[in-house]
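# A closer look at the structure
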Amino acid sequence: QVQVVESGGGLVQTGDSLRLSCAASGGTFNMGWFRQPPGQEREFVAAISRAGMTTIYADSVKGRFTISRDNVKKTVYLQMNSLKPEDTAVYYCAADLRLGVPDRLPRNYYYWGQGTQVTVSS
């Protein structure tokens, strides 16, 4: 059975950094981070391939966020630097069971975590 559990959210100030973790058991999958700002739809943030060789990012976070993974620890990370108030959202980690390159579409991710709140104050 696949389980996905996020951690590491919190309240920070503009310009601060935060690292989110995602523990994914039950296999090694392409993994994605998504976020849902208040009153908005869920949006893609970043994704990483099974071996960690391929990463993709949303334009809004490129250069500020870094996705990585440690397959020994079965954990995926999202390092967030230079945080802005518009980064405020519930952040979700998700597992894509398909083979191939990482994907941006939420509908292609089958297992989701419960989410972790990130709030960036101005």
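Below you will find a few notes about this structure. (Residues numbered from 1 in each chain as written. Predicted model: local features only at pLDDT ≥ 70, side-chain atom pairs only at ≥ 80, totals over all residues. Heavy atoms only, no water.)

Under the criterion given, the structure shown has six aromatic pairs. When the ring of Tyr92 is compared with that of Trp112, the centres are 6.4 Å apart and the planes differ by 75°; the resulting orientation is edge-to-face. Here Tyr92, found in strand S9 (residues 89–96), pairs with Trp112, found in strand S10 (residues 111–112); they are 20 residues apart in sequence, far enough to count as distant. Aromatic side chains Tyr109 and Trp112 sit 6.3 Å apart centroid to centroid with 65° between the ring planes, which places their arrangement in the edge-to-face category. Three or more aromatic residues joined by ring pairs form one cluster here, namely Phe34, Phe44, Tyr92, Tyr109 and Trp112. One residue, Arg42, lies across the ring of Trp112, its end atom 4.7 Å from the ring centre. (Phe/Tyr/Trp six-rings, centres within 6.5 Å; stacked < 30°, edge-to-face > 60°. Helix = DSSP H or I, 4+ residues; strand = E, 2+ residues; numbered from the N terminus. Lys NZ or Arg CZ within 6 Å of the ring centre and 35° of its normal.)

This part takes up the nonpolar core. Ranked by size, the top nonpolar core spans 34 residues in total, and within it Met31, Trp33, Leu78, Met80 and Tyr91 carry the most contacts. Elements with a contribution of two residues or more to this core: strand S3 (18–25), strand S4 (30–36), strand S5 (43–48), strand S6 (55–57), strand S7 (65–70), strand S8 (75–80), S9 and strand S11 (116–121). (Core = buried A, V, L, I, M, F, W, Y, C linked by side-chain atoms within 4.5 Å. Buried < 20%, exposed > 50% of the residue type's maximum accessible area, 1.4 Å probe, protein only.)

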